[in-house]
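# Breakdown of the fold
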Amino acid sequence: MGDPKERKDGGKELDITFFHRDLLEVPEDGTLPYLKGYRCIKCGQLDFPKMDLCPNCWGEEFESVALSRKGKLYSYADIYVGQPGMKTPYIIGYIDLPENIRIFSMLEGTVGSFRCDDDVELTVEPIRLNKDGSPIISYKFKKASA
Amino acid sequence: MKLQRDVYIAGVGETVFGKSKKDFDALGREAAYQALKNSNIDRPEIVQSAYVGNAQNGIVTGQTIFKDLGFVGKIPIINVESACSSGGMAVHLAIKDVACGLTEASIGVGAENLTLRRETGTAAMPAMNDIETMHGAVMTGKYSMRATRYLYETGATIEDLALVTVKNRKHATNNPHAWFKGKISVEEVVNSRMIAYPLTLHQCCPVADGAGAVVVCSKDMVNKLGIEKPIKVAGTVVTSGPYHNRPRDITGDDITEMTSILLYEESGIGPEDVDIVELHDAFTIAELLYYECMHFCKKGEGLKFLRDGQSTYGGKCVFSARGGMLSCGHPIGATGAAQVAANAKQLRGECKGYQVEPIPKVAMSHVTGGGLSGTEHAACTMHMIVADW
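Residues numbered from 1 in each chain as written. Chains lettered and ligands numbered in written order. Predicted model: local features only at pLDDT ≥ 70, side-chain atom pairs only at ≥ 80, totals over all residues. Heavy atoms only, no water.

Counting secondary structure elements, chain A contains zero helices and nine strands. When its C-alpha atoms are laid out on the principal axes, chain A stretches across 45 × 40 × 30 Å. When burial is assessed residue by residue, chain A has 46% of its 146 residues classed as buried. Intrachain contacts of chain A at a sequence separation of at least 6 include 43% that bridge at least 24 residues. Surface summary for chain A: the accessible area is close to 7600 Å², and the carbon and sulfur share equals 49%. A distance of 4 Å separates the average location of the 20 positive side-chain charges in chain A from that of its 24 negative side-chain charges. (Helix = DSSP H or I, 4+ residues; strand = E, 2+ residues; numbered from the N terminus. Buried < 20%, exposed > 50% of the residue type's maximum accessible area, 1.4 Å probe, protein only. Contact = heavy atoms within 4.5 Å. Areas by Shrake-Rupley, 256 points an atom, 1.4 Å probe, with all protein chains shown as cover. Lys, Arg positive; Asp, Glu negative; His and termini not counted. Charge placed at Lys NZ, Arg CZ, Asp CG, Glu CD.)

Spelled out as structure tokens, the structure:
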């Protein structure tokens, strides 16, 4: 999991393999990964993903907040015809977190196995291949363990 | 936007929609030339500004279209892009020029050729710099999630969704501009290839090419041109999609509801007075939800409205009289302008074989535009036009 735009010895710029440090924290000490919300210091509004400015008050400073790892699957779609270059079928969904935040995410699991209002939890997985053919790691959600 | 003075549609043009070997510029020129002739305009000097909606065919699309019509060097030609709303927005801007007194006659065009350039077997998607696109978002998927939640909450079935395609294809049967038309059964719709559950192939608008054009002008100019059946623009509204990454009800559509209310206020015409509607039926679920968002029926009663025949001939209001996107296909930047053109022809009673009877007096059109994370749509454009003779 390198930094965005890491460089090879020959100076050739490689495409990203991790998306994105502002969104997803994967602690190196082995504790559980989490999504990063941003609370505006000026007005207190919590947003995900990070915005350049707080759209509510134009606040420029934010405090990072670890978002809940579990949420409810509001709706989902089994995609059979997808984006160019993406292997099908794959699954996308909206996950509502207790912090009143909705996350758009891919779902880890098999098509036909999800239902609205399922309990789901965060997982870290490849979402697609980059321009060099290497996997890009990001957040996904899967059915929550009981 | 309150119109500063009366604006009229003098003439309209639309090409056949479908797969075309003609590129966007030839299609756009064909629709524009039709609209100009239909307006009794016989030389390039009358029209004072042009707006051209296109989403995916590159740069200076408008100038490319209008070069052969002798417009370049004479008037400002402004290119307009907001994905599926582009053509509707171009017409909106032409109306605005006349309404503000900047011009006496302007033209709005929407033109697009998608099939000459597109990779087959893939779905349309929002821009790659969008966080949702990075995570696999495609337009079919966004609508599929709406459908999934709608079926979950209401107990409706895929067969119910399929009724929208059956109706719109029937409306298109004799429309020479439509592509997929005529009889299709619920079973054929449901059993066609799965695109994004529960949306099967025949519940998705075909990827198509085409163009539409609308000439608008002042009352003085309508008289000068000798237009026998001038159509008054009662209202035109463009909105941008509200942003919030919070839980929200996607069996509604905040931007369509907001835009409809603004249009009803601006035009002084409510849904009970609208005779025909062309809406953004890119997927079956959309038409069902929009009956409700546009307040033609109560929330949760869209399916009943459809089943009771309220959205077809003899019902409260005929939706997708030209066959909608589900029959005509959806050349992204063209549709919004073509909808206005098709509605104008219905008001003038010129739609032999697919004319709504009795001849409608009030027509509404609606195109949303674009996927943008945190919004239902990036844009929405609506028009209300009325017969005025």
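Turning our eyes to something else, we now look at the overall build of chain B. A tally of helices and strands in chain B yields 13 helices and 12 strands. Taken across its 389 residues, chain B has 66% of its residues classed as buried. Residue pairs at least 24 apart in sequence account for 77% of intrachain contacts in chain B once pairs closer than 6 positions are excluded. Looking at charge distribution, chain B has the averaged site of its 38 positive side-chain charges lying 4 Å from that of its 42 negative ones.

Turning to the interface of chain B and chain A, a few remarks are in order. By convention, interface size is frequently given as the accessible area that disappears when the constituent parts associate. The interface of chain B with chain A comprises 36 residues on the first partner and 38 residues on the second. Carbon and sulfur atoms supply 61% of the area buried between chain B and chain A, which totals about 3200 Å² over both sides. At the junction of chain B with chain A, the criterion picks out two salt bridges. In this structure, Asp117(A) engages Arg149(B) in a salt bridge whose closest nitrogen and oxygen atoms are separated by 3.1 Å. At the junction of chain B with chain A, the criterion picks out 22 residue pairs in polar contact (both at pLDDT 80 or more). Only helix H4 (131–134), helix H5 (139–154) and strand S5 (194–196) of chain B provide two or more residues apiece to the side of chain B that touches chain A. Class assignment of the residues belonging to the side of chain B that touches chain A gives a composition of 16 nonpolar, 11 polar and nine charged. (Buried area = accessible area lost by both parts, 1.4 Å probe. Salt bridge = Lys/Arg side-chain N within 4 Å of Asp/Glu carboxyl O. Polar contact = N/O pair within 3.5 Å; in protein donor to acceptor, adjacent residues only side chain to side chain. Nonpolar A, V, L, I, M, F, W, Y, C, P; charged D, E, K, R; others polar.)

Let's shift gears to the sheet that holds strand S8 (residues 231–240) of chain B. All names here are of chain B. Taking strand neighbours across the sheet as the criterion, the 10 strands line up as S3-S2-S4-S7-S1-S8-S12-S11-S9-S10 in an open arrangement whose pairing is mixed. The open sheet terminates on both sides in strands that have one partner only, identified here as strand S3 (77–80) and strand S10 (318–319). With respect to the sheet, helix H13 (residues 335–347) is in contact with strand S1 (8–14), strand S4 (105–112), strand S7 (210–217), S8, strand S9 (276–278), strand S11 (362–369) and strand S12 (379–387), its orientation differing from that of S11 by roughly 170 degrees. (Pairing = 2+ DSSP bridges. Axes fitted to C-alpha atoms, helices over the stretch in contact; angles between N-to-C directions.)

Here we come to the layout of surface pockets. By volume, the largest pocket is sized at about 1200 Å³. Lining the largest pocket are 43 residues, and of these Arg118(B), Thr122(B), Ala123(B), Ala124(B) and Val207(B) sit closest to its centre. With three residues, H5(B) is the single largest residue contributor to the lining of the largest pocket. The residue inventory of the lining of the largest pocket, partitioned by class, reads 24 nonpolar, 13 polar and six charged. Taken as a whole, the second largest pocket holds about 370 Å³ of empty space. Elements with a minimum of two residues in the lining of the second largest pocket: strand S6 (90–97), strand S7 (101–108), strand S8 (119–129) and strand S9 (135–143) of chain A. (1 Å grid on protein atoms, 1.4 Å probe; cavity = no way out; pocket = protein on both sides within 12 Å on 5 of 7 lines; lining within 4 Å. Points joined across faces, edges and corners; volume = space filled by probe spheres on them.)

Attention now moves to the nonpolar core. Counting residues in hydrophobic clusters, the biggest one holds 98 residues, and the most contacted among them are Phe296(B) and Met364(B). For this core, the element with the most residues is helix H10 (residues 284–293) of chain B, which contributes seven residues. (Core = buried A, V, L, I, M, F, W, Y, C linked by side-chain atoms within 4.5 Å.)

Going through the model one piece at a time under the given rule, you end up with zero disulfides over all chains. Free cysteine Cys204(B): the closest other cysteine sulfur is in Cys205(B), separated by 7.2 Å. (Disulfide = S-S within 2.5 Å.)

Residues and elements named next belong to chain A. Of all 10 residues in strand S5 (residues 70–79), eight are buried; the element is thus mostly enclosed. Pairing of S5 with S8, which is carried by three bridges, proceeds in the antiparallel orientation. Bridging from a neighbouring strand, lysine 72 pairs with aspartate 119 of S8. In the sheet, S5 pairs with S6 via seven bridges, with the strands oriented antiparallel. By the bridge assignment for S6, tyrosine 76 is matched with glycine 93.

Here the focus is the pairing of S11(B). Residues and elements named next belong to chain B. In terms of burial, S11 is largely enclosed, as eight of its eight residues are buried. The side-chain alternation of S11 yields two buried faces, one formed by Val362, Met364, His366 and Thr368 and the other by Ala363, Ser365, Val367 and Gly369. Looking at chain direction, S9 and S11 are connected through three bridges and run parallel. Bridged to glutamate 278 within S11 is serine 365. Across eight bridges, S11 lies against S12 in antiparallel orientation. Considered in S12, the bridge of glycine 369 is made with alanine 379.

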